[in-house]
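Below, each chain spelled out in residue letters.
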Amino acid sequence: MSATVNTTAGAAALRRRRGPREGRSWVAYLVAIVVIGITVVPLLFVVLGGFRTNAELNSDPAALIPHHWVWSNYTSVLTNAQFWRNIYNSLLIAVVATAVAVGVGSMAAYALSRYNFRGSEAFYGFFVIGLLFPIGVAALPLFLLLHDLHMLEHWWGVAIPEAAFSLPATIVILRPFMRAVPGEIEDAAMIDGTSRLGFFWRILLPLSRPALITVAILAFVTSWNAYLLPLLAFNDQSNFTLPLGVANFQTQYTQDTAKILAFTGLSMVPALAFLAVAERRIVGGLTGAVKG
Amino acid sequence: MNRADVTAGAASAGPAVAGGRTAGRPARAATARAGRSGGRRRRLELALLLAPATVLFTAFVLAPMALAAYYSFYNWNGYGALTSAGLSNYTSAIRGANFQHSVGHNLIIVGLSLIIQLPLSIGLAMLLNRRIKGRAFLRLVVFAPYVLSEAITAVVWYQMLQPNGFVDQVLVSLGLGSQVHDWLGSTSLVLYTLFVVITWKYIGFGIILLLAGLQGVPVELREAAALDGASSWQITRHVVMPLLGPTIRIWIFLSVIGSLQLFDLVWIMTGGGPAEASNTMVTYIYTFGIRQQQYGFASAVAVILFIICFAFALVYQRFVLRRDTEGALTRVVG
């Protein structure tokens, strides 16, 4: 084993190693540093660029560190009502979309996991088909529908469809989870006099917390980052969400690169802060949900 | 968990069974019997629980597609009367050079993802799957571009790729000045530039996904293979890769569906240009449908895109993913 896998480090390495590839870990460090560099440098370019002047950005774009730290770009964005308006709109839409998707979806998942009725499987399949309607494909048809329903230019005209599009994933993730809760718990609750809806509300939902958090993160991040549907639904700048706002700011201030970078840098803060605070849940939720 | 189990269970449990699926447990059968006696209340509860989701889903997911299918047979500018168009929207879309190019661009992105992004993700995941210090930090950093919106990503890279901008200056300072190009302005380069940006944004997700898959490969298996004299390449090829199969197949599925729907990033960085050289199917719908208010025509293109995604998803679920997940979709649809 040591001969084939690891000839240099010898028996000492063999004794201390746990994984099979300790010997060349400097390669891993090198790769890790390169990967981190490629990932972080563009973000640093934006964040630090917001502290530079346009003259500096034009003459020496690749010097990341500002010669003179300029705060005016950031302060002007932070005092820009439109920036806060964008954040408020994004937050409102994402919170409502998430609440509706998780609320309505968990009710349906409960019915489809713990009520045995004829057609339950077919009903489930009806929702599963929704996984094949990605919002990107359906955006134009949705636009036509929202147009017909006079829902354009209203925040709920975006939040409600986003909730609807989050339903399939919500149900597909929650159903097996709810089904796995032992029947004995339900029986015990019934014997104690709880109704089925009481069991759902007081016992099943608290027990399903990890899965509920997963679907909530999925719905929230999807809505927070959505661009196409808000682009179709909103013409009025006061309705713009953050992704629309960022793109719009770039076209409005073409000549003022420093301010664009400040605006973009600040727009990244909520998502990155969220990731830093709840990394485990977010990474687990977004990658774990994939395997459903 | 498939239908065969349920019916078999019900058959063996005989006439006492009211509950079907969980028939094995007597206590549950009793509950189900009790439930039947309160049948009306139970049905009311079911209706209450299922109605909101059903209404929401039908109204905003299914109905729009149906509406689009309907509009696709008409000419309509959003205001005037509908005039019947027969299949002309479909035929003119399919015959149009711009549409064909758009589909081609999507397919190029799909192909590049499979040929470049996938092996790169696997390689990086394997290299990073070691006991190195700071792995938690690495995970955090690598995942960051994935949680940023495509809109933000697009603006970041649009700024960096400006002529004489960050990227160009870095190339010059590395002595690669001859490699400076008009990244977003060249019709022959723009698609590949976009692909690099897409890779920057999404490779972290692939790496994390594959790292999770690698964690699932038991150390004992590698050690056993090593004891039998397998080289590390052989272990990778014949032990690790097969066990990584399900993760890779899921990644491919997500990547293809994502590539077919590409919009945000392209729209903000190039608007489908220059000279339509970076149009995707969705930017095509946006440009030629919504901007020009040819809603019937745009609907036809949306229906075509839907059929492409639908067909791919079904075929892939049926023939590739089935063995991994007992394909939730094929069980119901196929």
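The rules behind each value
- Sequence order as written defines the numbering, with residues in each chain counted from 1.
- Both sets of labels track the order of writing: A upward for chains, 1 upward for ligands.
- Reporting of local features is limited, given that this is a predicted model, to residues whose pLDDT is at least 70; pairs of side-chain atoms are given and counted only at 80 or more, and all residues count toward the totals for whole chains, interfaces and linings.
- Only heavy atoms go into the side-chain values, all of them from the structure, while hydrogens and water stay out.
- Orientation is described by lines fitted to C-alpha atoms, with helices fitted over the stretch in contact, and by angles between N-to-C directions that extend from 0 to 180 degrees.
- Under the DSSP-based scheme used, a helix requires at least four consecutive residues in state H or I and a strand at least two consecutive residues in state E, with every element numbered from the N terminus.
- Any angle that is under 35 degrees is reported as roughly parallel, and any over 145 degrees as roughly antiparallel; angles of 65 to 115 degrees are reported as roughly perpendicular and all others as oblique.
- Note on contacts: a residue pair is in contact if any heavy atoms of the two residues lie within 4.5 Å.
- For this scheme, ten residues count as nonpolar: Ala, Val, Leu, Ile, Met, Phe, Trp, Tyr, Cys and Pro. Four count as charged, namely Asp, Glu, Lys and Arg, and the remainder, Gly too, count as polar.
- We call a set of buried residues a nonpolar core when its members are Ala, Val, Leu, Ile, Met, Phe, Trp, Tyr or Cys and they connect through side-chain atoms within 4.5 Å of each other.
- Exposure classes here rest on a 1.4 Å probe applied to the protein chains alone. A residue is buried below 20% of its type maximum, exposed above 50%, and partly exposed in between.
- UniProt positions are given in the numbering used here, feature names are shortened, and annotations may be inferred rather than shown by experiment.
- In this scheme, a crossing is called left-handed if the near helix is turned counterclockwise away from the far one by less than a right angle; it is called right-handed if the turn is clockwise.

1. Examining the packing of helix α6 (residues 81-114) of chain A against helix α14 (residues 242-252) of chain A
Residue and element names in this part refer to chain A.
- The interhelical angle for the contact between α6 and α14, taken along N-to-C directions, is 150°, at an axis separation of 8 Å. Looking at the two axes, α6 sits roughly antiparallel to α14. Mapping the contact onto sequence places Phe83, Asn86, Ile87 and Ser90 in α6 and Leu242, Pro243 and Gly245 in α14.
- Among the residues forming the contact of α6 with α14, the class breakdown is four nonpolar, three polar and no charged.

2. Some remarks on the nonpolar core
- Among the nonpolar cores identified, the biggest contains 201 residues, and Tyr227 of chain A together with Phe143 and Met269 of chain B are the most heavily contacted of them.
- For this core, the leading source of residues is helix α9 (residues 190-215) of chain B, giving 15 residues.
- Contacts of Phe143 of chain B, omitting those with residues within four sequence positions, involve Leu275, Ile282, Val283, Leu286 and Thr287 of chain A together with Gly204, Phe205 and Ile208 of chain B.

3. A closer look at the UniProt feature "transmembrane region" (unreviewed entry) in chain A
Residues and elements named next belong to chain A.
- UniProt feature "transmembrane region" (unreviewed entry): in the numbering of this structure it lies at residues 26-51, 87-110, 122-143, 155-174 and 260-278.
- Within residues 87-110, the helical portion is 100% and the strand portion 0%, while the C-alpha atoms at the span's ends are 34 Å from each other.
- Helix makes up 95% of residues 260-278 and strand 0%, and the two end C-alpha atoms of the span are 28 Å apart.

4. Thoughts on unusual backbone geometry
- In this model, Gly273 of chain B is joined to Pro274 of chain B through a cis peptide bond whose omega is -10°.
- For Pro274 of chain B, the position within the fold is in the loop between α12 (264-269) and α13 (281-291).
- For Glu153 of chain A, which is not glycine, the phi torsion reads 65° and is therefore positive.
- Within the secondary structure layout, Glu153 of chain A lies in the loop between α8 (135-148) and α9 (156-179).

5. Regarding the packing of α6 of chain A against helix α11 (residues 196-207) of chain A
All names here are of chain A.
- Where α6 contacts α11, the two axes come as close as 12 Å, and the packing angle between them is 110°. Here α6 is positioned roughly perpendicular relative to α11, judged by the angle of their axes. In this structure, α6 meets α11 at a crossing whose hand is right-handed. Residues Ser106, Met107, Tyr110 and Arg114 of α6 lie in contact with α11, whose contacting residues are Arg196, Phe199, Phe200, Leu204 and Leu205.
- Its residues assigned to classes, the contact of α6 with α11 shows six nonpolar, one polar and two charged.

6. Some words on the environment of Thr187 of chain B
All names here are of chain B.
- Topologically, Thr187 is positioned in the loop between α8 (166-173) and α9.
- On the accessibility criterion, Thr187 (48% relative accessible area) is partly exposed.
- Once residues lying within four places of it in the same chain are set aside, the contact partners of Thr187 are Pro274, Ala275 and Ala277.

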